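Fold and geometry: a report
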Amino acid sequence: MTPVPFGDFVARAQTRGTLVVQPRMGFSDPARMREGLLRTRAADAVTAGTLTLDSYTRVGDLAAARRAVAEGVALNGYPICTHPLRTSRAVLEGLHDSAFPVQVRHGSAQPEHIFSALLALGLDASEGGPVSYCLPYGRTRLRDAVSSWRAGCELLASHGDGAAPHLESFGGCLLGQLCPPALLVAVSVLEGLFFVRHGLRSVSLSYAQQTHPRQDHEAVAALRRLAGELLPDVDWHVVLYAYMGVYPLSRGGALTLLEAAARLAVESGAARLIVKTAAEAHRIPTVSDNVEALETAARAAATATRRPERDAGGSEVYAEARTLVHTVLGLDDDIGRALLTAFRRGLLDVPYCLHPDNPGRARSFIDRDGRLRWADTGALPLSGAAVSAARKVTSADLLAALSHVQRAYDSGGTP
Amino acid sequence: MNSTHGTHSPTVLITGTSSDAHTWNLVYLQLLLEEWGRRVVNLGPCAPDELVLASALEHDPGLIVVSSVNGHGFHDGLRLIRVLRSHPRLAATTIVIGGKLGVDGLRNVGQVRRLTEAGYDRVFDDGDMADFRALVSRLPARAVS
Ligand code: B12
């Protein structure tokens, strides 16, 4: 059976009213990786498969990946550029077909080697972006990431006729926590546009669950509305990430947080959910941890129904995200250059990001009502959006903010 | 690179490992050490071994803190300490590593021993903050020249 285009698979499930659930799963051992894919496919849920790559492959240190594979060292993901082609083919053999698309998830600012490797395996779905896989993922200069992602998109887009390669923006995550939703929405939309300008016809835009359910609903609504306005004529959907920050330590807390993510996905009109497991706070999850998470999420999703869209145009998130997106688009016809200019001028600025190309003036905080807000907008074009917390953040303050969600769920509540 | 200035206290060099992109650990450790009165140079994530070496020689730190949580910390940390200890000027510098060093969430006694044998003065687990503080407080003060 020929593989199904990733975007079509998700669109069909959404039409049937079913949320697609997908793990972040990767092991260096090919047999274990195959078992993980088999059991993802067999899980009691509509699933897409994932090959999550290891950190050496991500940063392009293929020598270290080779050494680790030769010595049988367990890595934090699947080294797709290192295992021989026939080994990776055997991992996927008979699995990747019309009922089960497989996506490669990586975290690489310069993904050309990864895209070549996945295309050679007959895969054509991946994720990331020139900003979202650069600033949070190391020290590669933003201009180098932009040119690599241009080349990477073109490589993927030019592949095969009739195929529909798919790219998902990771813009909805950034550092995983403490980023005001408007910036997550804006980066996701801008990266989606970047992909389309460089030839992709099927994309997804992401948003990661944050600290405040109502604000999260507004964010997904804002994302869908901006995508509708700016991405006509291409296939797109919204993918939600279960909480990406410091995760609950307890099993109960972890699974309850995941269930909240699954309901949020369905209620807000996201088509796909990337799950987190009960092992998140502790170690790389096993295959069983992942299957448990997929089935837990699917069960929770089945109990939820789509909520009628309230006026997304009225929300704070939409207004801020729209301003950010249009400010950046107004800087240059070339989105890559516009992104570079925006970061140089501080018109985009990721709170707490240490990357040398991040302005580092904007600051965020969790407000008393639980919403993520700006403590300082730096040079962002969001005058008036800052609620000045105006005091120096101590290590204890930072840890308290980072563990806000963990604490709430570990004590049996919600934030 | 972020740094702050204090007086009469040796600099602490904080760094991630070559393959590790996580930064909240580094931001947190920097704040903590500054609150403990230390001047900090924070190299950030994915620091290649040669950059750590060059920065260590440049700043002459009283303490080097290696932090890794991505699961490759044992291997990256082992490679890094060999590079650092091979330089005579760093033979006596206090160098520690901590975080989530493996992929299975377990403390591996054999790995800890190999890290200390290769030259780390201490290997800290995920939550060892009290011990870390005690170690930092024992660092000698040093006049700024
Ligand atoms: C946020 C996050 C991310 C963000 C990071 C953004 C950024 N720039 O920082 C994003 C989404 C980008 C990310 C990416 C990845 N992540 Co991540 N991430 C997390 C998460 C959810 C929280 C980490 C965090 O912010 N903690 C807050 C800080 C303040 O605390 P901390 O880092 O835990 O450090 C504490 C202690 O360890 C200690 N400490 C740390 N260092 C040192 C050093 C010394 C000397 C001392 C004394 C103490 C000490 O101090 C801190 C406070 O107690 C954790 C899981 C969790 N905890 O819930 C996973 C986690 C750390 N990530 C993990 C992995 C594997 C990755 C990836 C490789 C992707 C993958 N395969 O899943 C990539 C990294 C790519 C790369 N090149 O390395 C794994 C690591 C597995 C392991 N070690 O067993 C974890 C545990 C998730 C999991 N269960 O799989 N991640």
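In this report, we go over the structure that sits alongside the text. Keep in mind it's a predicted model, so treat the numbers as computed, not measured.

Per the secondary structure count, chain B includes 5 helices and 6 strands. Beginning at the N terminus, the succession of helices and strands in chain B can be written as β-β-α-β-α-β-α-β-α-β-α. Over its C-alpha trace chain B gives a radius of gyration of 14 Å, about what one expects of a compact globule, namely 15 Å for 145 residues. Across its three principal axes, chain B shows a C-alpha extent of roughly 45 × 30 × 25 Å. The burial tally for chain B puts 56% of its 145 residues in the buried class. Excluding contacts between residues fewer than 6 apart, the proportion of contacts in chain B whose partners are at least 24 apart in sequence is 82%. Within the structure as shown, chain B displays about 6300 Å² of accessible surface, and the carbon and sulfur contribution to it stands at 54%. Within chain B, the 15 negative side-chain charges are centred at a point lying 5 Å from the centre of the 14 positive side-chain charges.

All names here are of chain A. Tallied over the full model, the rule gives 25 salt bridges over all chains. For Arg105, the salt bridge is made with Glu127, and the minimal N-O distance between the two is 3.0 Å. Of this pair, Arg105 sits in strand E3 (residues 102-105) while Glu127 sits in strand E4 (residues 125-128); the two residues are 22 residues apart in sequence, bridging distant segments of the chain. Residues Arg105 and Glu127 agree in their burial class; the two are buried. Through salt bridges with shared partners, one network takes in Arg105, Glu127, Glu168 and Arg272.

Moving on, we come to the interface of chain A and chain B. Each side of the interface is counted separately: chain A has 29 residues, and chain B has 29 residues. For the pair chain A and chain B, the two sides together bury roughly 2400 Å², of which 62% comes from carbon and sulfur. Per-residue buried area on chain A facing chain B is highest for Arg139, Leu354 and Ser395 of chain A; these three make up 29% of the total on that side. Summed over the shared surface of chain A and chain B, the result is 0 salt bridges. Where chain A touches chain B, the interface holds 10 residue pairs in polar contact (both at pLDDT 80 or more).

What follows deals with the coordination of the cobalt atom of the ligand. On the protein, His22 of chain B (NE2) is the one donor atom to the cobalt atom of the ligand, at 2.2 Å. For His22 of chain B, the location among the structural elements is in the loop between strand E2 (11-16) and helix H1 (24-35).

On to the site of the ligand. By nearness alone, 45 residues border the ligand, and Arg283 of chain A together with His22, Thr23, Ser67 and Asp126 of chain B come closest of all. Around the ligand the close residues trace back to chains A and B. With respect to the ligand, the backbone of Pro136 of chain A contributes an N or O atom lying 3.3 Å from a nitrogen atom. One nitrogen or oxygen atom from the main chain of Arg283 of chain A is found 2.6 Å from a nitrogen atom belonging to the ligand. Elements with a minimum of two residues in the shell around the ligand: helix H3 (55-59) of chain A together with H1, strand E4 (63-68), strand E5 (94-99) and helix H5 (129-137) of chain B.

Residues and elements named next belong to chain B. In terms of burial, E5 is a largely internal element, 5 of the 6 residues being buried. Note: E4 against E5, 6 bridges, orientation parallel. Within E5, the residue paired with Val66 across the bridge is Ile97. Traced from E4 through helix H3 (residues 73-85) to E5, the parallel crossover comes out right-handed. Taking the sense of rotation as the criterion, the β-α-β connection linking E5, helix H4 (residues 109-118) and strand E6 (residues 122-124) turns out right-handed.

Conventions we followed
- Residues numbered from 1 in each chain as written.
- Chains lettered and ligands numbered in written order.
- Predicted model: local features only at pLDDT ≥ 70, side-chain atom pairs only at ≥ 80, totals over all residues.
- Heavy atoms only, no water.
- Helix = DSSP H or I, 4+ residues; strand = E, 2+ residues; numbered from the N terminus.
- Rg over C-alpha atoms; globule rule 2.2 N^0.38 Å.
- Buried < 20%, exposed > 50% of the residue type's maximum accessible area, 1.4 Å probe, protein only.
- Contact = heavy atoms within 4.5 Å.
- Areas by Shrake-Rupley, 256 points an atom, 1.4 Å probe, with all protein chains shown as cover.
- Lys, Arg positive; Asp, Glu negative; His and termini not counted.
- Charge placed at Lys NZ, Arg CZ, Asp CG, Glu CD.
- Salt bridge = Lys/Arg side-chain N within 4 Å of Asp/Glu carboxyl O.
- Buried area = accessible area lost by both parts, 1.4 Å probe.
- Polar contact = N/O pair within 3.5 Å; in protein donor to acceptor, adjacent residues only side chain to side chain.
- Donors = N, O, S within 2.8 Å, 3.2 Å for Na, K, Ca; no water.
- Near = heavy atom within 4 Å.
- Pairing = 2+ DSSP bridges.
- Right-handed = clockwise from strand over helix to strand, strands pointing away.

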